[in-house]
Amino acid sequence: MRPHVFVNAAISADGKLSTYERRQVKISGPGDFRRVDRLRAGADAVMVGIGTVLADDPSLTVKDPALVAAREAEGRDPHPVRVVVDSRGTLSTGAAVLHRGPGLRVVGVSEAAPAERRRALGEHATVIVAGRERVDLRLLLEGLHDLGVRRLMVEGGGTLIASFLTERLADELMVFVGNMVIGGATAPTLADGPGLSSSGPFVGLDLEKVSPCDEGVLIHWRVKKEG
Ligand SMILES: NC(=O)c1ccc[n+]([C@@H]2O[C@H](COP(=O)([O-])OP(=O)(O)OC[C@H]3O[C@@H](n4cnc5c(N)ncnc54)[C@H](OP(=O)(O)O)[C@@H]3O)[C@@H](O)[C@H]2O)c1
């Protein structure tokens, strides 16, 4: 059993998540910021890859106090479980995601993570070992499900999103497309990783909704189970 998984990201008009320096860029505006905060507040857990933690050091907390209060009124933790995917357990014990705001944290590592790193991270988070060299996302999702996670929001970056899509582990894809071009062949895109070959099958999407948001467009897709 795995949680329902939805991916959310903001990209430039040319499909970039950030710049070639891999620095966070403000792609969306206040309307999208509030939408993302609501999505987080509605999730049981929020996940990023270690690349995003290294680039942005996000806290992944819910920002709006009213949304935090609503979660608490329902008997939930103020913030969703924060999950970092980090095969070798390299996450700094000083990372914001481990310290800002109360609540459970999970670090998904592989068997390649040294014992002392697992121990150090275990002082701040629940460590789930999934996979031999790289984190096996399917196993990690099962582990999260066992912890009670039923709705998982995946926030990036491009390498992690690509794995979720190509391994058919994502159910929904929400993309805010901003009114700018970032460019750069090496700048992260929505779905990086090795990519699929021309023989496919590609990851098929069903269009759910398109709506204007801030100075851009929000596109909501459902991920086809096959093809
Ligand atoms: N615009 C947006 O909405 C948005 C959102 C988030 C991030 N970003 C940007 O995205 C960039 C970071 O993206 P990124 O691609 O470098 O990093 P990422 O996707 O956050 O993390 C990728 C890393 O996760 C680890 N990982 C472990 N198991 C994995 C698996 N099964 N599948 C995929 N990854 C796995 C790998 O490192 P190990 O093998 O070492 O574990 C991999 O290199 C930054 O520039 C950030 O600003 C933008």
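For clarity, every value in this text was computed on a predicted model and none was experimentally measured.

About the thresholds
- Residues numbered from 1 in each chain as written.
- Predicted model: local features only at pLDDT ≥ 70, side-chain atom pairs only at ≥ 80, totals over all residues.
- Buried ≥ 20, exposed ≤ 12 C-beta atoms within 10 Å, placed from the backbone.
- Helix = DSSP H or I, 4+ residues; strand = E, 2+ residues; numbered from the N terminus.
- Contact = placed C-beta atoms within 7 Å.
- Core = buried A, V, L, I, M, F, W, Y, C linked by C-beta atoms within 7 Å.
- Axes fitted to C-alpha atoms, helices over the stretch in contact; angles between N-to-C directions.
- Parallel < 35°, antiparallel > 145°, perpendicular 65-115°, else oblique.
- Left-handed = near helix turned anticlockwise from the far one by under 90°.
- Near = placed C-beta within 6 Å.
- Pairing = 2+ DSSP bridges.
- Right-handed = clockwise from strand over helix to strand, strands pointing away.

Turning our attention to helix α7 (residues 158–166). Of all the residues in α7, the buried ones are G158, L160, I161, S163, F164 and L165. In this structure, the buried residues of α7 make contact with β1 (4–11), β2 (45–49), β3 (81–85), α6 (137–146), β6 (151–154) and β9 (216–223). A positive phi of about 55° marks R168, the residue just after α7.

Core analysis: the biggest nonpolar cluster contains 53 residues, and A45, V84, L152, V154, I161 and F164 have the highest contact counts within it. The dominant element in this core, judged by the number of residues it contributes, is β1, at 6 residues.

Looking at the secondary structure, you find L218 in strand β9. The buried category is assigned to L218, around which 20 C-beta atoms lie within 10 Å. Taking the C-alpha atoms as reference, L218 lies 26 Å from V149; in sequence the two are 69 residues apart. Beyond its immediate sequence surroundings of up to four residues, L218 is in contact with M174, F176, S211 and C213.

The contact between helix α1 (residues 30–41) and helix α3 (residues 65–73) brings their axes to 10 Å, and the two run at 15°. Comparing the axis directions of α1 and α3 gives the class roughly parallel. For the pair α1 and α3, the crossing hand works out as right-handed. Taken together, the residues of α3 that come into contact with α1 (itself represented by D37, R38 and A41) are L67, A70 and R71.

Now for the site of the ligand. In the region of the ligand, 30 residues are neighbours, and G49, G51, S87, G156 and G157 sit closest. At the level of secondary structure, the elements contributing two or more residues to the shell around the ligand comprise β1, β2, α2 (50–56) and α7. Take the shell around the ligand: its biggest share by element is 5 residues, from α2.

Counting buried positions along strand β4 (residues 105–109) gives 5 out of 5 residues, so the element sits mostly inside the fold. Strand direction decides the pairing type here: β3 and β4, joined by 4 bridges, are parallel. By the bridge assignment for β4, V85 is matched with G108. Bridge count for β4 against strand β5 (residues 126–129) is 4 bridges, and the pairing is parallel. If you follow V107 over to β5, its bridge partner there is V127. As for the winding sense of the linkage, the β-α-β connection from β4 through helix α5 (residues 115–122) to β5 is right-handed.

Glancing now at unusual backbone geometry. Following G156, the chain continues into G157 via a peptide bond in cis, with omega recorded as -5°. With respect to the helices and strands, the residue G157 is situated in the loop between β6 and α7. For the bond running from G200 to P201, omega is -5°, close enough to zero to count as cis. Within the secondary structure, P201 sits in the loop between β7 (172–177) and β8 (205–213). Non-glycine residue D57 carries a positive phi angle of around 45°. The residue D57 is located in the loop between α2 and α3 in this model. Using a count of 14 C-beta atoms within 10 Å as the deciding quantity, one classes D57 as partly exposed. Notably, D214 is not glycine yet its phi reads approximately 50°, a positive angle. Relative to the helices and strands, D214 resides in the loop between β8 and β9.

Limitation: the analysis is restricted to geometry and does not speak to function.
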